[in-house]
Amino acid sequence: MPGLLRLDSPLYRAWTSAADLVIVNALTLVGCLPVLTAGAALTACARVTMDMARNEDGYIVRTWWRVFRGELRQSFAWWPPVLGAIALAAWENRAFVGLFRNDGAVGATGLGAVSGLLLAGGVVLIGALVWLVPLVAHFENTVPGHALNAIRLAVGCLGRTAACLAVVAAPAVLSWWAPQAQMATAWFMALLGPAFQGYLMALIQLGVIDRLREASLGTATSPAAPPPACGSTGSGTTRPGPR
């Protein structure tokens, strides 16, 4: 029993990581309360959880706040368009439901086609977003540059993108598939949700982001450095570590 409580024991490390995720989740949820600042909050969450995946988690609150404050201005250039696209898709879905509701079989077919197109568009948007956030958290670049690299990674690392999408969708799928678990899912999301999802995605994306960081550092002295895996180059300049 005493061995389980040693500072280097797996149980102690797991307990510490869980406690850190609770703190990061609380910070992220508070940062998302003003909806316009959610982009910076998610970016800060991505940076801290990636550090945790590398076993480099140190001052998580300080790191979270530093990244949130530093990325707040740039997040206003990419987060509101994402919100606008989501709102537009929701409005279009509602409008088409009303349009096709009373058209019988033809209306059902049309509604299904439109819903499928909107769903596909949402998957593409979120697939790019799961790469955009860690790119913003780790690299200096313009918003168009980040967006282009996120799309490249979403397509080039299709398996990892699909895994990240599964992590993002899991709570909603679980609530739909097992309505009796909705309360438990809601509590889980409140305590650990976004931070735990961010940590799982960091584990999935870690190899790619680290190769991009190495390539980014290598290009400073070696312009002919080989491109990283998953088909993305020119991710930007690596951000400095936590101070």
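Residues numbered from 1 in each chain as written. Predicted model: local features only at pLDDT ≥ 70, side-chain atom pairs only at ≥ 80, totals over all residues. Heavy atoms only, no water.

Peer 1: Got a sec to walk through a nonpolar patch on the surface? Specific residues and values, please.
Peer 2: A contiguous nonpolar patch, built from Val173, Leu174, Trp176 and Trp177 and spanning about 540 Å² of accessible area, is present on the exposed surface. Within the secondary structure, tryptophan 177 is located in helix α6 (residues 158–177). (Patch = residues over 30% accessible without salt bridge, like charges linked within 9 Å, V, L, I, M, F, W, Y side chains within 5 Å. Areas by Shrake-Rupley, 256 points an atom, 1.4 Å probe, with all protein chains shown as cover. Salt bridge = Lys/Arg side-chain N within 4 Å of Asp/Glu carboxyl O. Helix = DSSP H or I, 4+ residues; strand = E, 2+ residues; numbered from the N terminus.)

Peer 1: Tell me what's going on with the confidence of the model for the protein, and back it up with residues and numbers.
Peer 2: Interpretation of the predicted coordinates at a detailed level should be avoided for regions scoring low in pLDDT. Confidence in the prediction of the protein, expressed as mean pLDDT, is 82, and 75% of residues score 70 or more. Confidence, read as mean pLDDT per element, is least for strand β2 (residues 237–238) in the protein (58) and greatest for helix α2 (residues 38–53) (96). A low-confidence stretch, residues 220–227 stays under pLDDT 50, and its non-local contacts, those more than four residues away or across chains, total four contacts. (pLDDT = per-residue confidence, 0-100. Contact = heavy atoms within 4.5 Å.)

Peer 1: Quick one: what's the story with the pattern of salt bridges, residue by residue and with numbers?
Peer 2: In total, this model carries four salt bridges according to the counting rule given. Salt-bridge contacts for arginine 47 lead to aspartate 51; the nearest nitrogen and oxygen are separated by 3.7 Å. Of this pair, arginine 47 and aspartate 51 both sit in helix α2, four residues apart, which is roughly one turn of the helix. Residue class for aspartate 51 comes out buried when judged on its relative accessible area of 6%. The closest approach of N and O atoms between arginine 54 and aspartate 51, which form a salt bridge, is 3.4 Å. Here the two residues arginine 54 and aspartate 51 agree in accessibility, since each one is buried. Residues participating in the shared-partner salt-bridge network are Arg47, Asp51, Arg54, Asp210 and Arg213. (Buried < 20%, exposed > 50% of the residue type's maximum accessible area, 1.4 Å probe, protein only.)

Peer 1: Describe the environment of phenylalanine 139, listing the residues and the values that go with them.
Peer 2: Relative to the helices and strands, phenylalanine 139 resides in strand β1 (residues 139–140). Here phenylalanine 139 falls in the buried class, since its relative accessible area comes to 0%. In this structure the C-alpha to C-alpha distance between phenylalanine 139 and arginine 213, which are 74 residues apart in sequence, comes to 8.0 Å.

Peer 1: Any chance you could break down the nonpolar core for me, citing the residues and the numbers?
Peer 2: Residues Trp78, Leu129, Trp131, Leu135, Leu153 and Leu212 are the most contacted members of the largest nonpolar core, which totals 28 residues. Top element by residues in this core is helix α4 (residues 104–138). It accounts for eight residues. Once you skip the residues sitting within four places of it in the chain, tryptophan 78 turns out to touch Gly39, Thr43, Leu129, Leu132, Val133, Val136 and Val143. Among the nonpolar cores identified, the runner-up in size contains 14 residues, and Ala41, Trp64, Val67 and Leu192 belong to it. (Core = buried A, V, L, I, M, F, W, Y, C linked by side-chain atoms within 4.5 Å.)

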